[in-house]
Amino acid sequence: MGENKRGAGLTRQMMIDTALRLLDEVGLDGLTVRRLASELGVQSPALYWHLRNKQELLDGMADAIVLAAGMGPPREGESWQDWLARRARAYRDSLRAHRDGARLVANAASLSPATIRMFDEELTAMVGRGFTPVLALRTITALTRYVNGCVLQEQSERQASSGTPADWFAALAELLDGGMEATLLTAFRESGGSFAEDAFEHGLRTLIDGTAAALVLERSDLDDRG
């Protein structure tokens, strides 16, 4: 009886893996402790032998998504610009791999010590490339929020509407119906829509180019002070 309540053989990682699978099926709003327990074949109290509360479960799921993106410093011979671009794309792919992935990660209350250590290794590598610790942190934070925002909007809008890009174009054309606003229609059609890869890459490149400019200014200020 006691073993059934605790869930013989149940592990924290097993719970997180199962919860991520359920997330893809039912979404974040449909993911409950009771549903997870049922999927694992145990009673709900058994889960709390391994996790203190639901938020800790959600944090573990978010941590798994972040780690799946492949954190770590630049590869040998890789420029910091190429590394940041690769890191952002991998993070985006990891968020998009799960239903409500961006919302889950954005609402995480904490990350694991292992993830924090890897994040510190990334910042240390950036400092080795000429960044101050503050600029390194702000750069990673800005890129993370940019990716989170892009995927959050993408996943939210796609769940809210099943319309195809052609449907959006037709609705927009009808709404604008000529005039100066036709420029918006042309721009939207030629861009491929809000979720086009080119749109994401444009924003990513803008952030990286802006960081390069900020780095030059920062080095100039340090030289002046020296």
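Reference entry: report on the structure contained in this document.

**Overview of the packing of helix α2 (residues 12–30) against helix α3 (residues 33–40)**
Consideration 1: Interaxial distance between α2 and α3 falls to 10 Å at its minimum, and their mutual angle equals 130°. What the angle tells us is that α2 and α3 run oblique. In this structure, α2 meets α3 at a crossing whose hand is right-handed. Across from M14, M15, T18, A19, R21, L22, V26 and G30 in α2, the residues of α3 making contact are R35, L36, E39 and L40.
Consideration 2: When grouped by side-chain class, the residues that make up the contact of α2 with α3 number seven nonpolar, two polar and three charged.

**What to know about the packing of aromatic side chains**
Consideration 1: Summed over the entire model, instances satisfying the criterion amount to two aromatic pairs.
Consideration 2: Centre to centre, the rings of W80 and F131 are 5.1 Å apart; their planes meet at 90°, and the pair counts as edge-to-face. Taken together, the residues W80 in helix α6 (residues 80–96) and F131 in the loop between α8 (113–128) and α9 (133–160) connect sequence positions 51 residues apart. When sorted by exposure, W80 lands in the same class as F131, which is buried.
Consideration 3: Both rings, one in Y146 and one in F200, keep their centres 5.5 Å apart while their planes meet at 20°; by these two values the pair is stacked. You can see Y146 sitting in helix α9 and its partner F200 sitting in helix α12 (residues 197–225), a full 54 residues away along the chain.

**Thoughts on the packing of α2 against helix α5 (residues 54–68)**
Consideration 1: At a minimum axis distance of 9 Å, the contact between α2 and α5 shows a crossing angle of 85°. One finds that α2 runs roughly perpendicular with respect to α5. For the pair α2 and α5, contact is made by R12, M15, I16, A19, L20, L23 and L28 and by E56, L57, L58, G60, M61, A64 and I65, respectively.
Consideration 2: Here the residues of the contact of α2 with α5 sort into 11 nonpolar, one polar and two charged.

**A short note on α6**
Turn by turn, an α-helix covers 3.6 residues, leaving residues three or four places apart pointing in a common direction.
Consideration 1: For α6, which comprises 17 residues, the first-to-last C-alpha distance of 24 Å matches the rise-based estimate of 24 Å (1.5 Å per residue) to within 8%.
Consideration 2: Burial in α6 covers these residues: W80, W83, L84, A85, R87, A88, Y91, R92, S94 and L95.

**Points about the nonpolar core**
Consideration 1: Ranked by internal contacts, the top residues of the largest apolar core, which has 50 residues, are L47, M61, L95, L104, V147 and L204.
Consideration 2: No other element matches the eight residues that α2 contributes to this core.

**What about unusual backbone geometry?**
Consideration 1: Of note in this structure, D100 is not a glycine but carries a positive phi near 60°.
Consideration 2: With respect to the helices, strands and loops of the structure, D100 is situated in the loop between α6 and α7 (101–106).
Consideration 3: Note on D100: relative accessible area 6%, which makes it buried.

**Let's talk about the pattern of salt bridges**
Consideration 1: Enumeration over the complete set of coordinates arrives at 12 salt bridges.
Consideration 2: With a shortest N-O distance of 3.0 Å, R21 and E39 are connected by a salt bridge. On the criterion of sequence distance, the pair formed by R21 in helix α2 and E39 in helix α3 is long-range, its members being 18 residues apart.
Consideration 3: For E39, a relative accessible area of 39% corresponds to the partly exposed category.
Consideration 4: Among the salt bridges present, the one from R89 reaches E201, with a minimum N-O distance of 2.8 Å. In this pair, R89 sits in helix α6 while E201 sits in helix α12, placing the two residues 112 residues apart along the sequence.
Consideration 5: According to the relative accessible area criterion, E201 is partly exposed, its value standing at 26%.
Consideration 6: Via salt bridges that share partners, R92, R96, E154 and E197 belong to a single interconnected network.

Cut-offs applied
Residues numbered from 1 in each chain as written. Predicted model: local features only at pLDDT ≥ 70, side-chain atom pairs only at ≥ 80, totals over all residues. Heavy atoms only, no water. Axes fitted to C-alpha atoms, helices over the stretch in contact; angles between N-to-C directions. Helix = DSSP H or I, 4+ residues; strand = E, 2+ residues; numbered from the N terminus. Parallel < 35°, antiparallel > 145°, perpendicular 65-115°, else oblique. Left-handed = near helix turned anticlockwise from the far one by under 90°. Contact = heavy atoms within 4.5 Å. Nonpolar A, V, L, I, M, F, W, Y, C, P; charged D, E, K, R; others polar. Phe/Tyr/Trp six-rings, centres within 6.5 Å; stacked < 30°, edge-to-face > 60°. Buried < 20%, exposed > 50% of the residue type's maximum accessible area, 1.4 Å probe, protein only. Expected span 1.5 Å × (residues − 1). Core = buried A, V, L, I, M, F, W, Y, C linked by side-chain atoms within 4.5 Å. Salt bridge = Lys/Arg side-chain N within 4 Å of Asp/Glu carboxyl O.

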